[in-house]
Amino acid sequence: GQQVKQSSPSLTVQEGGISILNCDYENDMFDYFAWYKKYPDNSPTLLISVRSNVDKREDGRLTVFLNKSGKHFSLHITASQPEDTAVYLCAADYNQGKLIFGQGTKLSIKP
Amino acid sequence: DPKIIQKPKYLVAVTGSEKILICEQYLGHNAMYWYRQSAKKPLEFMFSYSYQKLMDNQTASSRFQPQSSKKNHLDLQITALKPDDSATYFCASSRGQFSNERLFFGHGTKLSVL
C-alpha cells in the first residue's frame, strides 16, 4: 500500500488566503517529513522539512505542522500568491536516505 | 546554472532497445539517487548510492542498472525497454545519505517507449 498519502489531488485558493495542504502516513518509523514544490517539466524543490522531535516549524509564509499520534502533517501557506501555483509533494523518511513521496496536490491560486 | 545535469531531457525509444540516462552533479555531494515518476503515480525511489557504492535498490527488475564511473556521476542503463518503463526519471543528490540531508533533484529525463 501507499505509505504516504495526499488525499486531495487539487486545491484552489483565493489570492491572499491560506492554503492548507495535507499528508497522511502509515509508518511509525518515519522521523523526517518534508514538503517539495514542483512546477511542470521542472525538478522538485525542497520547501521546508521537520524532524519528528518537533511539532511545528515556520519559515516565512510557510508552516509545517506535525501530528505524530494522528500520523498526519500539513503545510500552511499564508498570504497565498499566484506564484504559489504548483504541485506540492509531501515526503517522509526513516533515516534510510529513501524519501517516500505522496501523489501530490495541485495548488491553484486564483487572482 | 543547473547543479545536477541530466541528459537527455527527452528520450524516445522502441520496445526492446537499450538506453542510458546520464546524470552528473556539481554540488560536491557524496550520495546520489534515481527516482521515477510514471503517469498517475507518486515519485518513486529506485536506487541510492553513497561514495559510489550501491546502498539500496528498490527496483525489482535487473533491467535497470545504475553505473557510477566517477563520484559525481550516476548513470542509469535500462535494457529490454518496455512501454511500462515510460516515465520521467529524476536523478538526485545529497551531501550524505541520511534523512536530514536535503535532497536536490535534476530536471529529469522524460522517457517514452513505443
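Preceding block: the structure.
Trainee: Give me the lowdown on the nonpolar core, citing residues and values where you can.
Mentor: Note on soluble globular proteins: their nonpolar side chains tend to be buried together. If you look at the biggest cluster of nonpolar residues, it comprises 23 residues, and the most contacted ones within it are A:V4, A:F33, A:W35, A:F73, A:L75 and A:Y88. Ranked by residue count, the leading element in this core is strand 9 (residues 86–93) of chain A, at 4 residues.

Trainee: Which residues make up the interface of chain A and chain B, and what are the values?
Mentor: Note: interface size is frequently given as the accessible area lost on complex formation between the parts. Chain A puts 22 residues into the contact, and the matching count from chain B is 24 residues. Of the roughly 1,800 Å² buried between chain A and chain B, counting both surfaces, carbon and sulfur atoms make up 52%. Linking chain A with chain B are 1 salt bridge. Taken together, chain A and chain B are joined by 5 residue pairs in polar contact (both at pLDDT 80 or more). When contributions to the side of chain A that touches chain B are tallied by element, the ones reaching two or more residues are strand 4 (32–38), strand 5 (45–51) and strand 9 of chain A. Across the side of chain A that touches chain B, the residue classes tally to 7 nonpolar, 9 polar and 6 charged.

Trainee: Please give an account of the packing of aromatic side chains that cites residues and values.
Mentor: Tallying each qualifying case throughout the model produces 15 aromatic pairs over all chains. Ring geometry for A:F30 versus A:Y94: centroids 5.6 Å apart, planes at 45 degrees, classification tilted. Taken as a pair, A:F30 in the loop between strand 3 (19–25) and strand 4 and A:Y94 in the loop between strand 9 and strand 10 (100–101) lie far apart in primary sequence, 64 residues in all. The class for A:Y94 is partly exposed, based on a relative accessible area of 25%. Taken together through their ring pairs, the aromatic side chains of A:Y36, A:F101, B:Y33, B:Y35, B:F45, B:F90 and B:F105 make up a single cluster. Its end group placed over the ring of B:F64, B:R36 keeps NZ or CZ at 5.2 Å from the ring centre.

Trainee: Explain the sheet that holds strand 3 (residues 19–25) of chain B to me, and be specific about the residues and the numbers.
Mentor: All names here are of chain B. Sheet architecture is open: 4 strands sit in the order 1-3-8-7, paired in antiparallel fashion. Bordering the open sheet on either side are strand 1 (4–7) and strand 7 (64–67), each of which pairs with just one other strand. Put simply, the sheet's adjacent strands are angled 15 degrees from each other on average, direction ignored. Relative to strand 3, strand 1 runs antiparallel, the two sharing 4 bridges. The residue of strand 3 that forms the bridge with I5 is E24.

Trainee: Which residues make up the sheet that holds strand 7 (residues 62–67) of chain A, and what values do they have?
Mentor: Spatially, the 5 strands line up as an open sheet ordered 1-3-8-7-6 (chain A), and their pairing is antiparallel. The open sheet is flanked by strand 1 (4–5) and strand 6 (56–59) of chain A, the only strands paired with a single partner.

Definitions and cut-offs
- Residues numbered from 1 in each chain as written.
- Chains lettered and ligands numbered in written order.
- Predicted model: local features only at pLDDT ≥ 70, side-chain atom pairs only at ≥ 80, totals over all residues.
- Heavy atoms only, no water.
- Core = buried A, V, L, I, M, F, W, Y, C linked by side-chain atoms within 4.5 Å.
- Buried < 20%, exposed > 50% of the residue type's maximum accessible area, 1.4 Å probe, protein only.
- Helix = DSSP H or I, 4+ residues; strand = E, 2+ residues; numbered from the N terminus.
- Contact = heavy atoms within 4.5 Å.
- Buried area = accessible area lost by both parts, 1.4 Å probe.
- Salt bridge = Lys/Arg side-chain N within 4 Å of Asp/Glu carboxyl O.
- Polar contact = N/O pair within 3.5 Å; in protein donor to acceptor, adjacent residues only side chain to side chain.
- Nonpolar A, V, L, I, M, F, W, Y, C, P; charged D, E, K, R; others polar.
- Phe/Tyr/Trp six-rings, centres within 6.5 Å; stacked < 30°, edge-to-face > 60°.
- Lys NZ or Arg CZ within 6 Å of the ring centre and 35° of its normal.
- Pairing = 2+ DSSP bridges.
- Axes fitted to C-alpha atoms, helices over the stretch in contact; angles between N-to-C directions.

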